[in-house]
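# Structure at a glance
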Amino acid sequence: MKVAVFSTKSYDRRFLDLANVQGRHRLNYFDVRLSGETAALAHDAEAVCAFVNDEIDRAVLKELAGRGVRLVALRSAGFNHVDLHAARELGVTVARVPAYSPHAVAEHTLALILTLNRNIHRAYNRVREGNFALDGLLGFDLNGKTVGIVGTGQIGAVAARILTGFGCVVLAHDPYPNPVCEALGVRYVDRAELFAASDIVTLHCPLTPDTRHMVDARCLRHVKRGMMLINTSRGAVIDTHAVIRGLKDGTIGSLGLDVYEEEADLFFEDLSDRFIADDAFARLLTFPNVVITGHQAFFTAEAMLNIAETTIANISAFEETGRALHEISVEKIADRPSPT
Ligand code: NAD
């Protein structure tokens, strides 16, 4: 199949070329993000391959469908950036990579927790400058602390297992409790109890209308003062302005982010010779108790290979049968069993 592959870096090309055995598909790589301005680049493609910050709204899908595109193969698990209603109306199939390495994201979550707790980011700079003072570096034992996991799907379940290994008491909130977590001794509670009882809250739910700005001013009024908040899910699950206020008044003791609501204009690019125009993001960078990574939680060799192989498998299956292996549609989301 002819595939227009958007938002690609050298590492994407390397793994996709490896997975595209014997050059079965003609992969046409573009650096640029998919958007209304760039959709025309897919003029001779039957499929488009896209990533997390590509715009796949109604207008873009209409343009793609009009040019003969029948498949959008996402290189991500999250699909919040795709207008699935428009895709169905236009006859465009949407496929994703449902699980490529939950370990990659869960392990990165732990990296953020440990960095913030033991102030590794500050210690690293101090030691390089010959400053071996410990003031300001005091952490706490993770053992015995209560960690709340919002969303215990693939990633949340791995995070639960790792945190259990640290001796943490793990609470969870998910409309669909995961038996794997229950077997670990994870206790499912409602969202309010989770936020009220947890020393650390880590977010692993998708971005949906229900989870958009889940962590807002109202939520932060009922958390443990000084709690640690970690977000490796999607930026808009937290209200950045409310979180900045929470950091300023001490409600939030530390914050670890791998995602940011307005990340599309920042992440995945080297902007080091420019100033940051996003004032909220720039403000976050001023806090000593905030660590931000640029959407790299997924970025391990294992995950990249799995993403590439599943993406190519989706495209191959669609070419052969008219159905991708891991399709996502309005119906599929609605088909989930009732919450228990
Ligand atoms: P998953 O579908 O396996 O699990 C998501 C879980 O969230 C499900 O169990 C679901 O029931 C639950 N959920 C849905 N709505 C909820 C709500 N309102 N409250 C609580 N729980 C809710 O997905 P996953 O593979 O574990 O990935 C989770 C999210 O992590 C993805 O949606 C994606 O946004 C994000 N992600 C980030 C990166 C990264 O590099 N930072 C990489 C992969 C995925």
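What counts and how
- Residues numbered from 1 in each chain as written.
- Predicted model: local features only at pLDDT ≥ 70, side-chain atom pairs only at ≥ 80, totals over all residues.
- Heavy atoms only, no water.
- Phe/Tyr/Trp six-rings, centres within 6.5 Å; stacked < 30°, edge-to-face > 60°.
- Helix = DSSP H or I, 4+ residues; strand = E, 2+ residues; numbered from the N terminus.
- Polar contact = N/O pair within 3.5 Å; in protein donor to acceptor, adjacent residues only side chain to side chain.
- Contact = heavy atoms within 4.5 Å.
- Core = buried A, V, L, I, M, F, W, Y, C linked by side-chain atoms within 4.5 Å.
- Buried < 20%, exposed > 50% of the residue type's maximum accessible area, 1.4 Å probe, protein only.
- Near = heavy atom within 4 Å.
- Areas by Shrake-Rupley, 256 points an atom, 1.4 Å probe, with all protein chains shown as cover.
- Nonpolar A, V, L, I, M, F, W, Y, C, P; charged D, E, K, R; others polar.
- Pairing = 2+ DSSP bridges.
- Axes fitted to C-alpha atoms, helices over the stretch in contact; angles between N-to-C directions.
- Parallel < 35°, antiparallel > 145°, perpendicular 65-115°, else oblique.
- Left-handed = near helix turned anticlockwise from the far one by under 90°.
- Domains from an automatic or database assignment.
- Buried area = accessible area lost by both parts, 1.4 Å probe.
- Salt bridge = Lys/Arg side-chain N within 4 Å of Asp/Glu carboxyl O.

## Brief notes about the packing of aromatic side chains
- For the structure on display, the rule yields seven aromatic pairs.
- Within the aromatic cluster, the residues linked to one another by ring pairs are Tyr11, Phe51, Phe268, Phe298 and Phe299.

## Side note on the side chain of Thr109
- In this structure, Thr109 sits in helix α4 (residues 102–118).
- There is a polar contact of 3.4 Å between the side chain of Thr109 and the side chain of Thr232.
- Setting aside residues no more than four positions away along its own chain, Thr109 makes contact with Thr202, His204, Ile230 and Thr232.

## Let's talk about the nonpolar core
- Phe195, Leu203, Val215, Leu229, Val243 and Leu255 are the most contacted members of the largest nonpolar core, which totals 34 residues.
- Sorting the residues of this core by element identifies α8 (191–197), β9 (200–203), α9 (217–220), β10 (227–231), α10 (240–248), β11 (252–257) and α11 (279–284) as the ones contributing at least two each.
- With four residues, the single largest contributor to this core is α10.
- Those residues in contact with Leu255, other than ones at most four positions away along the chain, are Leu116, Leu229, Val243, Leu247, Leu284, Asn289, Val290 and Val291.
- Leu27, Val52, Ala104 and Ile312 belong to the second-largest nonpolar core, a separate cluster that totals 27 residues.

## Looking at the site of the ligand
- In the vicinity of the ligand, 26 residues are found, and the nearest of them are Tyr100, Gln154, Ile155, Asp174 and Asp210.
- Taking Asp210, its side chain carries an N or O atom lying 2.7 Å from a nitrogen atom of the ligand.
- Within the contact set of the ligand, an oxygen atom lies 3.5 Å away from a backbone nitrogen or oxygen of Ser233.
- Coverage of the ligand by the protein chains reaches 90% of its 860 Å² of free accessible surface.
- Within the shell around the ligand, the residues separate by chemical class into ten nonpolar, ten polar and six charged.

## Some points on the sheet that holds strand β5 (residues 93–95)
- If you walk across this open sheet you meet the five strands as β2-β1-β3-β4-β5, and the pairing is parallel. Strands with a single pairing partner mark the edges of an open sheet, and in this sheet they are β2 (26–29) and β5. Taken pair by pair, the neighbouring strands of this sheet meet at an average axis angle of 20 degrees, ignoring direction.
- Two elements, strand β3 (residues 47–50) and strand β4 (residues 71–74), share four bridges in a ladder whose sense is parallel. Along β4, the bridge assignment pairs Val48 with Val72.
- Running over the sheet, helix α1 (residues 10–19) touches β1 (2–5) and β2 and is turned about 180 degrees from β2.

## Looking at the environment of Val147
- By secondary structure assignment, the location of Val147 is in strand β6 (residues 146–150).
- For Val147, a relative accessible area of 0% puts it in the buried group.
- Residues Val147 and Arg70, 77 residues apart in the sequence, show an inter-C-alpha distance of 43 Å.
- In this structure Val147 touches Leu163, Cys168, Val169, Val170, Leu171, Ser198, Ile200 and Thr202, once residues within four positions along its chain are discounted.

## Things to note about the packing of α1 against helix α12 (residues 301–321)
- Between α1 and α12, the shortest axis-to-axis distance is 8 Å and the interhelical angle comes to 55 degrees. Between α1 and α12, the interaxial angle falls into the category oblique. α1 and α12 meet at a crossing whose hand is right-handed. Contact with α1, carried on its side by Tyr11, Asp12, Phe15, Leu16, Leu18 and Ala19, involves Ala301, Met304, Leu305, Ala308, Glu309, Thr311 and Ile312 of α12 and no other residues of that element.

## Topic: the domain arrangement of the protein
- What the domain assignment lists for the protein is domain 1 (2–100 + 301–334) and domain 2 (102–292).
- Using only C-alpha atoms to locate each centre, domain 1 and domain 2 end up separated by 30 Å.
- Listed by partner, the interface residues are twelve residues for domain 1 and ten residues for domain 2.
- Buried area between domain 1 and domain 2, both sides added, is near 910 Å², and the carbon and sulfur share of it is 52%.
- Per-residue buried area on domain 1 facing domain 2 is highest for Lys9, Asn53 and Asn80; these three make up 45% of the total on that side.
- Scanning the region where domain 1 abuts domain 2 turns up two salt bridges.
- With its nearest N and O atoms 3.4 Å apart, the salt bridge here joins Arg33 to Asp265.
- Scanning the region where domain 1 abuts domain 2 turns up six residue pairs in polar contact (both at pLDDT 80 or more).

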